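Residue strings, one per chain:
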There are 4 protein chains.
Amino acid sequence: MIGTEFFWPLRVYIEDTDAGGIVYYVNYLKFMERARTEYLRSLGYGKQSIFNSELMFVVSSLESEYIKPAQLDDELAATAQVIKLGKAYMVMEQKVYRENETDDERELLCRGEVKIACVDRNTIRPKRIPEAMVAAVTVSTNN
Amino acid sequence: MIGTEFFWPLRVYIEDTDAGGIVYYVNYLKFMERARTEYLRSLGYGKQSIFNSELMFVVSSLESEYIKPAQLDDELAATAQVIKLGKAYMVMEQKVYRENETDDERELLCRGEVKIACVDRNTIRPKRIPEAMVAAVTVSTNN
Amino acid sequence: MIGTEFFWPLRVYIEDTDAGGIVYYVNYLKFMERARTEYLRSLGYGKQSIFNSELMFVVSSLESEYIKPAQLDDELAATAQVIKLGKAYMVMEQKVYRENETDDERELLCRGEVKIACVDRNTIRPKRIPEAMVAAVTVSTNN
Amino acid sequence: MIGTEFFWPLRVYIEDTDAGGIVYYVNYLKFMERARTEYLRSLGYGKQSIFNSELMFVVSSLESEYIKPAQLDDELAATAQVIKLGKAYMVMEQKVYRENETDDERELLCRGEVKIACVDRNTIRPKRIPEAMVAAVTVSTNN
């Protein structure tokens, strides 16, 4: 583990479900991306960095595993945590939990690993992750 | 106007955008539905009523008008407000605004009207909206 | 009516459905857009015109009406037909039918009207629809 | 390899893209599922088997790797091929190619592996894949 585990609350809407009556499995990847985005924003990499930078982060590979299905109207929490940090990429572990109203236990529904490459916005070639970002991601575990 | 105007905050993620660099126009309808859902939950029609009731609400028609586009990472507010109430249907006016960080003015991006029919879950035939729900929707304007 | 009615075949996949066991109502608008896109391609306005032109077509308003729901695995046909042609906009009527295997009757599930504005790609200001396109759209009814 | 490689043609529409101007990486998983669905239909496991059976197939895990991005209006081909067959699951390898108009070469954009579990529709417990289906999937390689 390199970074801290960041939690982002979510609600399941009808748009997220499929005819099986549960969350369409593809949509957990959207939930995970929301958590990644909010995690980076919490470190100061929000709107400004998206539009002003010459860097861009792109998903280069992912894997996910489905344990239990979420249902309409469930309260979820999606997580993001950096578990590997390369020169031009990072790997995040991501989980989706159901919040249970009756007790405080979170129930694990889905987990994934997403490899994100740092590339030049114009050439789409690998580019070093900026020092400040490496520091921000790393330091969060030392607090 | 029959009910009060309910506001629901939203953030634009990459999943919401299209190759034009803006929010895909179809997705504003999802934002509006999230606001409707949260509005009904705020009146006590959340999880329980979804799963325990013999009623179901279905969209029977809608219209929307696009004024300005939202962009990646924008903070939005979607609204829901009952403007017409029939025996077995209601019409909601819905707006999507952009929150501006520099001032307190909301900027109108999109508006819509959505007609929602109350139907029997099994027969899918029109059914009277329960008295308690009519009261909840109506009273909210009198406070 | 100005143009001919163009038909585009579709299949309902799990991605198109929701927890109600039917096609999520928002997704009919995607089906309609596929039909519009293929209609314009059939007139010669495909890939080249999308990327080489200074024009862009954007949806400025729409309305839709839901008659019967489509289900998983249904074969559908979405239509596109120009019913009004302004200097810088056109209105298309669009329908979604279910193809029935047992007979040749199409069953109307959903209809809509979509107003599309022709704008300058850079300024996003209204711009005249090119003569050639007006001719292509109009002539199709005279054959 | 156990089964043959099945190809399914696709077109990229605006609904599939994101603000990066390319296909949103999550949507390749939808393309792969369309190919799986059509592959199974080609073996006789279409509408009837979906609605009449006590079995259900659910995705239990997946991985995907992104090589090159697809763009608006690209013609693609998604593939499905059974590469492993267990008692109650199968693994499909899936690829998404771009068809190039100028030559006959397909360009690999994305590949994935999807593990699909066969479960009882009511209990959601693992259930043996029917003999007939095993035969249909296997025989396709011996032709």
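Anyway, here's the lowdown on the structure attached to this text. (Residues numbered from 1 in each chain as written. Chains lettered and ligands numbered in written order. Predicted model: local features only at pLDDT ≥ 70, side-chain atom pairs only at ≥ 80, totals over all residues. Heavy atoms only, no water.)

With respect to the interface of chain C and chain B
In this complex, chain C contributes 15 residues to the contact, which on the side of chain B involves 15 residues. Roughly 1400 Å² of surface becomes buried between chain C and chain B when both sides are summed, with 60% attributable to carbon and sulfur atoms. Taken together, chain C and chain B are joined by 0 salt bridges. Linking chain C with chain B are 10 residue pairs in polar contact (both at pLDDT 80 or more), by the criterion used here. Broken down by secondary-structure element, the contributors of at least two residues to the side of chain C that touches chain B are α1 (27-42) and β2 (55-66) of chain C. Sorting elements by how many residues they give to the side of chain C that touches chain B places β2 of chain C first, with 8 residues. Pairing of strand β2 (residues 55-66) of chain B with β2 of chain C involves 5 bridges; the strand directions are antiparallel. In the strand pairing of β2 of chain C, Ser64 of chain B is matched with Leu62 of chain C. (Contact = heavy atoms within 4.5 Å. Buried area = accessible area lost by both parts, 1.4 Å probe. Salt bridge = Lys/Arg side-chain N within 4 Å of Asp/Glu carboxyl O. Polar contact = N/O pair within 3.5 Å; in protein donor to acceptor, adjacent residues only side chain to side chain. Helix = DSSP H or I, 4+ residues; strand = E, 2+ residues; numbered from the N terminus. Pairing = 2+ DSSP bridges.)

Looking at the relation of the copies chain A and chain D
Here the second copy of the chain follows from the first by a rotation about an axis and a shift along it. Overlaying chain A with chain D gives an RMSD of 0.0 Å, the required rotation being 180 degrees about an axis along which the chain moves by 0.0 Å. Here the transformation between the copies is reduced to the relation of a two-fold axis. Residue Glu63 of chain A, judged by its C-alpha, is the member of chain A lying nearest the rotation axis, at 2.0 Å. Counting the interface residues of chain A, we find that 100% of their copies in chain D are interface residues as well, pointing to one common contact surface. (Least-squares fit on C-alpha atoms with pLDDT ≥ 70 in both.)

Things to note about the side chain of Glu38 of chain C
Note on placement: Glu38 of chain C falls in helix α1. With a relative accessible area of 6%, Glu38 of chain C lands in the buried category. Ignoring sequence-local partners within four residues, the contact set of Glu38 of chain C consists of Phe6 and Trp8 of chain C together with Arg11 and Tyr13 of chain D. (Buried < 20%, exposed > 50% of the residue type's maximum accessible area, 1.4 Å probe, protein only.)

Let's talk about the packing of aromatic side chains
Taken as a whole and assessed by the stated rule, the structure comprises 28 aromatic pairs over all chains. Each ring, one from Tyr24 of chain A and one from Tyr25 of chain A, has its centre 5.1 Å from the other, and the planes form 65 degrees; the classification is edge-to-face. By the burial criterion, Tyr24 of chain A is buried, and Tyr25 of chain A matches it. Look at Phe6 of chain D and Tyr39 of chain D: their rings are 5.8 Å apart centre to centre, the planes differ by 55 degrees, and that puts the pair in the tilted class. Taken together, the residues Phe6 of chain D in strand β1 (residues 6-11) and Tyr39 of chain D in helix α1 (residues 27-42) connect sequence positions 33 residues apart. Pair check on accessibility: Phe6 of chain D and Tyr39 of chain D agree, each one buried. An aromatic cluster is defined as three or more aromatic residues linked by ring pairs; in this entry it consists of Tyr24, Tyr25, Tyr28, Phe31 and Tyr66 of chain A. When the ring centre of Tyr89 of chain C is taken as origin, the NZ or CZ atom of Lys115 of chain C, which lies over that ring, is 4.4 Å away. (Phe/Tyr/Trp six-rings, centres within 6.5 Å; stacked < 30°, edge-to-face > 60°. Lys NZ or Arg CZ within 6 Å of the ring centre and 35° of its normal.)

Fair warning: the whole summary comes from geometry, so function is off the table for now.
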